[in-house]
Structure formats: C-alpha cells, structure tokens
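# A closer look at the structure
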Amino acid sequence: MNAHPLFPQMTRRRMLVSALLAAGCISLPLEAAWAQAGAKGGAANLAMIGELQSLDPMATPTDLVGTVMQHVYEPLYTFDAQWNIQPMLAETLPAISADGKTYAIALRAGVKFHNGRDMGADDVVASLRRWMEVSARGKAVGQEVADIRATGPLAVEIQLKSVYAPLLAHLAMPSGMAGIMPKESIATPLTDIIGTGPYKFKERKPDQYTVLVRFDQYAARSEPASGYAGKREALLDELRFVPVPNATTRVEGVLAGQFHYADLLQVEAMGRLEKAMPDVVPILTKSFGFPYIVFNTKEGVLSSQAMRQAVQTAMGEAEMLLAGFGDPRFFTAEPNFFPKGTPYYSDAGADRYNQKNPTLAKEQAAKAGYKDQPVRILVSRQYEFHYNMALVMAEHLKRAGIKTELMVVDWATLVQRRNDPKLWDVYVTHSGQFPEPMLSPPQLGNGAPGWWETDTKKAVLAAFNSEPDIAKRGPLWGKVQALVYEEVPFVEVGRFNGLSARSAKLQGYQPAVWPFFWNTSLAK
C-alpha cells in the first residue's frame, strides 16, 4: 500500500494544511516523535470512550480493549508507521517455504513475562492455539492452519492448508490480538493477566479506572520506534485508563487539565480545543477509519437479501456522514473501500452507493415481501457520530415506508447484544483503515455478528486470499467489493478522520488508530 500519513500531528500552524489533507489535496511525511523521551515517572490520566468489555486481548475485537491491552500483551508481529509488518516478539520476519504454506518463526531470546519467566516456543504455540479457539479473527485464521508446533526452544512453525496471504497481518492486529501469554496462565475465561508488554496489569475498578504499571524487566527491541514497531519504553509509572462515555465530558476534562489525553471527541469540539492551545493540543488523525452499518443476515426482517438491498437503496451515505461529522475536514463520501493510489482501489458497485432513492426502495421492499416490521437499529451514543448517522438512516428508511426502532444502549451492551441474532437487525460501528482488506470489517471473516455466510462469499474470498502477489490481489478485491454491494452484509458509509486531544504536558505522543502510551512522558 502506498504510504499514507496515518499518524500526523495537528498543531496551530498546520490548521490550513490539515484541511487540505482531509480533502486529499496533499500528503505529509511521517513525523518523528516531536519531543525527546523525557524522564521516567508520573501517572497519565487517559479518558477513553467507555468501560472495557474484557481484559482478555483475544476475547473481543473491540478497539477499546485492543488499545488498553496492547500495553500488556504483545504479538509476534506488528505494524510500523507505514503499515509495513515488522517483528515484535518474533526475532525477524518469518522464513516462508517455496510453496507459501510453511512459516518458520524464530523467537526473541530473553523476553520476560510479567511473572518473571522467559517466553518460549511452547508459550507461543499454546497462545496461538487459544487465539484460534477464542478470537473471531483467530477462528478465521484457524480454518487455514493445518498445524502449529514448536520446532525448538525459540522456534515455531505454522503449516497452512493452502496459501493464505493475510496471515501475518492478522497476527499483527492489536484488536482481537494474537497476544502471547504464559502457557500456564491460559484459561477461558482468562483470570491471570500476564503478558510481555512494557506495562503490566495492576488494578481494575469497573466504571472507574483500569491501572497499568511499568514492567521494569521489559525486553525492548533495539530498532528505532516507528508506529507500533521498534523500541518501546515505559517512561510513565502508571497508565490510568478512565471510562468517560460522554464525549463532552471528555472534552471538558482535557480542557480542565483533568486528563492528559481524551480519545475520540466530537468534531464540534475543534474550535474550543484550538482556543486552548498551547496548553491543549488537538490531534487530527488522517485516514482514521470508516463507519459501517452491519446487517443481520441470519434472522429477522433483513435476513432477506432483497430487503437489505431495499434498505441500501433508501440510504444516503453522504448525508449520514455530514450528520456524523459536520465539518468536511473530517469525512469523505466515496463508494470505494480504499482510496485512489492504493492497490485495492476499485469502483465496483459504485452505482449502489448513496442512492437515497425512497421511491425505488419502497418498490424493492414490497417485492421483498415487507410487512411493516420495524428495522431495529442498535446504536450507542458513546460514539456520537454513530448515533447521529443512525438518526439520519432512520429518516431515510421512513421516507421509503420502512419502519424503524432505534435501540440506544451503552457500547458494552451493544457489543454483548450484537452476538444474539434475535435482538437486532442493524448495528452501527466503525473500524480503522488498514492496508490489508481482510483485517476489517470482521464480517469478511467467519462467525462475526451479521453471520454473512454464502457460497459466493467463500468463492471470491478464497481466490483473493490465496493470491500473495499484491498486483494481482487488487483486481480480485474489486470482485469482493462488488459482492458486498450486491449481497449487502454491511454498508461502508465512507471514511473519516479522528479527533482526539492531549495535554501539552504529555510528551512524545504519536497519534495512532489504537492510541499507545509507551515512549511518552510527562513534562515536569
């Protein structure tokens, strides 16, 4: 994938430049850390969008759990600032056999778990096997794996049934992470929170905080820090992740100095954050991700493909984005799942995007046998843009004669309810924008809420995933995108830039899709 500025820092002198960035007019090189590593000490108060659903890095694909627990657990591989895959607990990138089906992975020596024991190959094998049993992402990968075994004290081999191009990208993801843990701690549910990361788990009080503390025996890599890759250093004594479900409260807290960092703020807050500079620094993360609408293909009114097509026809994605983000700097309404200039750009299915055609939608719904059943839209206000988009979507369906029922819950409840196909028809969510299409949304895999399982899906994804040559994978992705528009398991609404904020006291912070706080310090 061509390099995109996924970690740009927003400052006052670059406000005009950021507007051009958001419009896709220019790109900027990745910045180095804008402050040298500071002295050790201090505790950072970090306002997150809500309560953690779990401390288990494999148990849920939610970004919130991935954001926090990536400080505690680490994967074999990770992403650098240009989204290239780099080794983390692995010593190097794997040796891949000529037929593309065997991955030989050498592990780093001297890596300590938080219980003081050295990491070994048996721990990695046990962890990956658990990941393939517990994680939705891991289950999808597990279907491609013939065997995984230790071939030495610090050597692991993964044998695939056939070529599977996305393997390393899946192993590198922070959400639903293939985190490595001591084999003796493995259990379901996970009770001993023990990883290899720069911070270790100390305490959690639900709805109050989760506290991580520095791990003094952490074995850091020697390479320069780049994105999630390279050297990680725990400069802060403590990371205090505080659940703050209300976005306005997060804004007020960072402006008042209560929080050193506030995640995912509403775009209307930009003006107030600008006025608070230089004490508070707004952070605009370019190409942060995409909102998308998941349909229940298993049960209920939208289990009919024809009915899902009617809903898609009624929707106006551009209006939904405008309602969600307001400021054009923060969104792009385009039918392509990947931007121009990337290997996976395609206009397949573009005629089905942003139709906003209530007359045609009503006709399609009638042909699908629609009988005035309400479409239940599951949404959380903890992500305010989710809620605002849901309101506009409901209005679009109303114009097409399709009834709706808005079910507003907290994010943790949404994550729980979406696993039961009897409780919803649509839910609203979002994902980061990644270079490998199979990383998100999880509906491209198997078993994720929405339960999209068709023979046509299996066929196009088998062709796509068995092709390792990126030049050939691009056109194959176009067939996947066309099928998504036809079978409508989900609707990708567009792309958006993320807004967060930090205190000027928090130094060394590098904006990221999953915020991380190693290599950061507090000014004295």
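For the structure itself, consult the block above.
Residues numbered from 1 in each chain as written. Predicted model: local features only at pLDDT ≥ 70, side-chain atom pairs only at ≥ 80, totals over all residues. Heavy atoms only, no water.

## Structural notes on the overall build of the protein chain
When you go through the protein chain residue by residue, the secondary structure sums to 14 helices and 20 strands. Relative to the 2.2 N^0.38 estimate, which gives 24 Å for 524 residues, the radius of gyration of the protein chain is 22 Å and therefore close to what a compact globule would have. Its C-alpha atoms give the protein chain principal-axis dimensions of roughly 65 × 55 × 40 Å. Partitioning the intrachain contacts of the protein chain with sequence separation of at least 6 by distance along the chain shows that 73% fall at a separation of at least 24. (Helix = DSSP H or I, 4+ residues; strand = E, 2+ residues; numbered from the N terminus. Rg over C-alpha atoms; globule rule 2.2 N^0.38 Å. Contact = heavy atoms within 4.5 Å.)

## Some points on the environment of Ile-96
Looking at where Ile-96 falls in the secondary structure, it is placed in strand 4 (residues 95-96). Ile-96 sits in the partly exposed class, given a relative accessible area of 44%. Along the chain, Ile-96 and Ile-158 lie 62 residues apart, while their C-alpha atoms are 9.7 Å from each other. Aside from chain neighbours lying at most four places away, what touches Ile-96 is Thr-102 and Tyr-103. (Buried < 20%, exposed > 50% of the residue type's maximum accessible area, 1.4 Å probe, protein only.)

## Thoughts on the nonpolar core
Among the nonpolar cores identified, the biggest contains 156 residues, and Leu-76, Leu-128, Ile-158 and Ile-293 are the most heavily contacted of them. The greatest single-element share of this core, amounting to nine residues, is contributed by strand 12 (residues 280-295). Contact partners of Ile-293, with chain neighbours within four places excluded, come to Met-315, Met-320, Met-393, Val-426, Tyr-427, Val-428, Pro-489, Phe-490, Val-491 and Val-493. (Core = buried A, V, L, I, M, F, W, Y, C linked by side-chain atoms within 4.5 Å.)

## Regarding the packing of aromatic side chains
Per the counting criterion, the structure on display carries 29 aromatic pairs. A centroid spacing of 5.6 Å and a plane angle of 65 degrees characterise the contact between Trp-83 and Phe-434, whose relative ring orientation is edge-to-face. Residue Trp-83 is found in the loop between strand 2 (77-79) and strand 3 (85-87), and its partner Phe-434 is found in the loop between strand 16 (426-432) and helix 13 (455-465); the two are separated by 351 residues along the sequence. By the ring-pair criterion, three or more aromatic residues cluster together here, those being Phe-290, Tyr-292, Phe-337, Phe-338, Tyr-344, Phe-464, Trp-477, Tyr-485 and Phe-490. Against the face of Trp-518 rests Arg-232, its NZ or CZ located 3.9 Å from the ring centre. Stacked on the ring of Phe-464, the Lys or Arg Arg-473 has its end atom at 4.0 Å from the ring centre. (Phe/Tyr/Trp six-rings, centres within 6.5 Å; stacked < 30°, edge-to-face > 60°. Lys NZ or Arg CZ within 6 Å of the ring centre and 35° of its normal.)

## Remarks on the packing of helix 8 (residues 305-314) against helix 10 (residues 358-367)
The geometry of helix 8 relative to helix 10 is characterised by a closest axis approach of 8 Å and an angle of 170 degrees between their N-to-C directions. When the axes of helix 8 and helix 10 are compared, the pair comes out roughly antiparallel. Packed against helix 8, whose contacting residues are Met-307, Gln-309, Ala-310, Thr-313 and Ala-314, the element helix 10 presents Leu-360, Ala-361, Gln-364 and Ala-365 at the interface. Broken down by class, the residue content of the contact of helix 8 with helix 10 amounts to six nonpolar, three polar and no charged. (Axes fitted to C-alpha atoms, helices over the stretch in contact; angles between N-to-C directions. Parallel < 35°, antiparallel > 145°, perpendicular 65-115°, else oblique. Nonpolar A, V, L, I, M, F, W, Y, C, P; charged D, E, K, R; others polar.)

## So, the layout of surface pockets
Volume-wise, the largest pocket comes out at about 610 Å³. For the lining of the largest pocket, the secondary-structure elements that each account for two or more residues are helix 2 (63-69), helix 4 (136-142), helix 12 (411-417) and strand 16. If you tally residues by element for the lining of the largest pocket, the top one is strand 16, at five residues. Grouping the constituent residues of the lining of the largest pocket by class yields 19 nonpolar, 17 polar and four charged. As for the second largest pocket, its lining consists of 21 residues, of which Ile-85, Ala-165, Glu-436, Ile-470 and Arg-473 are closest to the centre. (1 Å grid on protein atoms, 1.4 Å probe; cavity = no way out; pocket = protein on both sides within 12 Å on 5 of 7 lines; lining within 4 Å. Points joined across faces, edges and corners; volume = space filled by probe spheres on them.)

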